[in-house]
2 protein chains.
Amino acid sequence: MMSGYGRQEVVIESPNHDETIATMPLESVALIVDTYHQRYLALMEEHKNMMAIIFRNHGRRAGASLHHPHSQIIATGIVPQHRRWQEDEAQRYYDEFGRCLFCDILKQEINDGERVVVENELFLAFVPFAADVPYEVWIMPKNHQADFGSITAAEKLDFAVMLKTILGKLHHKLNNPDYNYVINTAARYKADEPQLHWYCEIRPRLTTPAGFEIGSGISINPSLPENDAAFLRH
Amino acid sequence: MMSGYGRQEVVIESPNHDETIATMPLESVALIVDTYHQRYLALMEEHKNMMAIIFRNHGRRAGASLHHPHSQIIATGIVPQHRRWQEDEAQRYYDEFGRCLFCDILKQEINDGERVVVENELFLAFVPFAADVPYEVWIMPKNHQADFGSITAAEKLDFAVMLKTILGKLHHKLNNPDYNYVINTAARYKADEPQLHWYCEIRPRLTTPAGFEIGSGISINPSLPENDAAFLRH
């Protein structure tokens, strides 16, 4: 049996109890992103930490137990099966086509345009082709980058702008819905791989997965990604 | 792209709006189980249906949109990846040990006894060794049976007794919690396989999966399976 191991850190985002990223000044959001980056690098220095998950739970339906604005970083001593499956799919794509799956997704989304919500110089925010939940948005660096730890200063700022913009749109257009976001990044020992690409996945909690989802692993999403993107874009 | 296909059936469980399996007479529960069985067999006659998921959502947190007591059966034209992963694990175990993984789990749980909630002649109800959620209970036929469609008349009755007993315990000891249950059964073309074994998975909705679960696929279960089983057993 595996012995217990892990690291959990809480990022307090503001001294103001009722503030949230959607309504904060950009400088505060930039500070949060920079804190993620610094703590991520520090955690990845510890060789027992195989990967870290940076996430934010907003509201009760999203599992938030404390109201004061905060995010969390959990480092694990293993790469969970769930992540290895995703990495294996990306590897298979790379083996077949010789290109990063996510770079290809970016290209296709920019060409199609239909699912794009916002684009800035270094990031694209779009509703994924097969979104799990209504108004799901992925924020992805446009340059190939497997590891969140490799983010540059310019990218940090553009990512903060994106995070604030998308969460602001959800806040104003959907009346401050509960949501989770997660930064999905490569495992430590895969930080330089050509087939992986980090991104931030924002999932509003407007629907409830039930028996069918538990049994099948398939999400029932009553929304069309193209409509969700158009709604958030305008 | 795949064209849309599927079958959805709703099993109305009672003429009484406020009844639920936990509080119904046993004969009504037996009728529900028999209905599952008949409809399952009918759906599996249609060659486009690759598998069926029988499930029940109880309460709002479990995704129930209608209060009147009902279950659902959804047949799909594919075997979802999520299920194929589980089937692959069972296959690997069978290839290595020459035995059904689930039959071995049954043997171990009966020997250990610590996680057993109730046992009757043909079924075992236990909290699984690595339960995803607090008070999760699996009801499993003690004789090897890959396919829910193969259930015998005697097994149907014992299964109905188990379902009523476990849901009754949850209802009375945990104040009628919201829950989902799902009957996990082999895909149609694997109905006779020696490595698969159907079971009913009952999941009370007392916790909320949040960012960590989304990112890692790992469940945070604050409960010890042995404690949950002891609590439900007595």
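**Q** Give a description of the nonpolar core that names residues and reports values.
**A** Counting 43 residues, the largest nonpolar core has B:I139, B:F148, B:F159, B:L163, B:L167, B:Y181 and B:I202 as its most contacted members. Not counting residues within four places of it along the chain, the set of residues in contact with B:I139 comprises B:F123, B:L124, B:A125, B:F159, B:M162, B:L163, B:I166, B:Y199, B:C200 and B:I202. By size, the runner-up hydrophobic cluster in this structure holds 42 residues, among which are A:A52, A:F123, A:Y135 and A:W198.

**Q** Tell me about the pairing of strand β8 (residues 199-204) of chain B, and please be specific about residues and values.
**A** All names here are of chain B. With six of its six residues buried, β8 lies for the most part within the structure. Residue alternation in β8 divides its side chains into two sets, Y199, E201 and R203 and C200, I202 and P204, and both sets are buried. Both strand β7 (residues 179-184) and β8 contribute to a ladder of six bridges, which runs antiparallel. Along β8, the bridge assignment pairs Y181 with I202.

**Q** Describe the relation of the copies chain A and chain B, and please don't skip the residues or the numbers.
**A** Rotating chain A by 180 degrees and translating it 0.0 Å along the rotation axis places it on chain B, where the RMSD comes to 0.0 Å. The transformation just described matches what one would write down for a two-fold rotation axis. A symmetric contact is evident, with 100% of the interface residues of chain A recurring at the interface of chain B.

**Q** Lay out the sheet that holds strand β3 (residues 70-76) of chain B with the relevant residues and their values.
**A** The pairing of strands in a sheet happens through backbone hydrogen bonds and is either parallel or antiparallel. Residues and elements named next belong to chain B. If you trace the eight strands from one edge of the open sheet to the other, you get β1-β3-β2-β7-β8-β6-β5-β4, paired in antiparallel fashion. Sheet topology places β1 (7-12) and β4 (116-119) at the edges, where each strand pairs with a single neighbour. Here the average twist between neighbouring strands, direction ignored, is 15 degrees. Looking at chain direction, β4 and strand β5 (residues 123-126) are connected through three bridges and run antiparallel. Residue pairing across strands places V116 opposite F126, the latter belonging to β5. Helix α3 (residues 101-112) contacts β4, β5, β6 (137-141) and β8 of the sheet and is inclined by roughly 70 degrees relative to β5. Taken strand by strand, helix α6 (residues 225-233) contacts β4 and β6, and its axis lies near 40 degrees from that of β4.

**Q** I'd love a proper account of the pattern of salt bridges, names of residues and values included.
**A** Close approach of charged atoms allows side chains of opposite charge to pair. Residue and element names in this part refer to chain A. Within the structure shown, the criterion is met by 27 salt bridges over all chains. Salt-bridge contacts for D34 lead to K156; the nearest nitrogen and oxygen are separated by 2.7 Å. Taken together, the residues span a long stretch of sequence, with D34 in helix α1 (residues 26-45) and K156 in helix α4 (residues 153-173) at a distance of 122 residues. A salt bridge links K142 to E119; the shortest N-O distance between them is 2.8 Å. Taken together, the residues K142 in the loop between β6 (137-141) and α4 and E119 in strand β4 (residues 116-119) connect sequence positions 23 residues apart.

**Q** Describe in detail the packing of helix α1 (residues 26-45) of chain B against helix α4 (residues 153-173) of chain B, supporting the description with residues and values.
**A** All names here are of chain B. Remark: α1 packs on α4, axes separated minimally by 9 Å, with the N-to-C direction vectors making an angle of 120 degrees. Taken together, the axes of α1 and α4 are oblique relative to one another. In this structure, the crossing between α1 and α4 has a hand that is right-handed. In contact with L26, V29, A30, V33, D34 and H37 of α1, α4 contributes K156, L157, F159, A160, V161, L163 and K164.

**Q** Please set out the environment of B:H37 residue by residue, giving values where relevant.
**A** Residue and element names in this part refer to chain B. By the element assignment, H37 lies in helix α1. Exposure remark for H37: the relative accessible area of 8% places this residue in the buried category. With 17 residues separating them along the chain, H37 and I54 place their C-alpha atoms 9.7 Å apart. Every residue in contact with H37, bar those within four places of it in the chain, is listed here: F148, G149, I151 and K156. Reaching out from H37, the side chain makes a polar contact with the backbone oxygen of G149 at a distance of 2.8 Å.

**Q** Residue-level account of the packing of aromatic side chains, with values.
**A** All names here are of chain A. Evaluated as defined, the whole model comprises 25 aromatic pairs over all chains. Judged by centre distance (5.6 Å) and plane angle (55 degrees), the ring pair of Y135 and F231 falls under tilted. In this pair, Y135 is assigned in the loop between β5 (123-126) and β6 and F231 in helix α6 (residues 225-233), connecting sequence segments 96 residues apart. A relative accessible area of 16% means that Y135 is categorised as buried. Since its relative accessible area comes to 36%, F231 is described here as partly exposed.

Cut-offs used in this document
- Residues numbered from 1 in each chain as written.
- Chains lettered and ligands numbered in written order.
- Predicted model: local features only at pLDDT ≥ 70, side-chain atom pairs only at ≥ 80, totals over all residues.
- Heavy atoms only, no water.
- Core = buried A, V, L, I, M, F, W, Y, C linked by side-chain atoms within 4.5 Å.
- Buried < 20%, exposed > 50% of the residue type's maximum accessible area, 1.4 Å probe, protein only.
- Contact = heavy atoms within 4.5 Å.
- Helix = DSSP H or I, 4+ residues; strand = E, 2+ residues; numbered from the N terminus.
- Pairing = 2+ DSSP bridges.
- Least-squares fit on C-alpha atoms with pLDDT ≥ 70 in both.
- Axes fitted to C-alpha atoms, helices over the stretch in contact; angles between N-to-C directions.
- Salt bridge = Lys/Arg side-chain N within 4 Å of Asp/Glu carboxyl O.
- Parallel < 35°, antiparallel > 145°, perpendicular 65-115°, else oblique.
- Left-handed = near helix turned anticlockwise from the far one by under 90°.
- Polar contact = N/O pair within 3.5 Å; in protein donor to acceptor, adjacent residues only side chain to side chain.
- Phe/Tyr/Trp six-rings, centres within 6.5 Å; stacked < 30°, edge-to-face > 60°.

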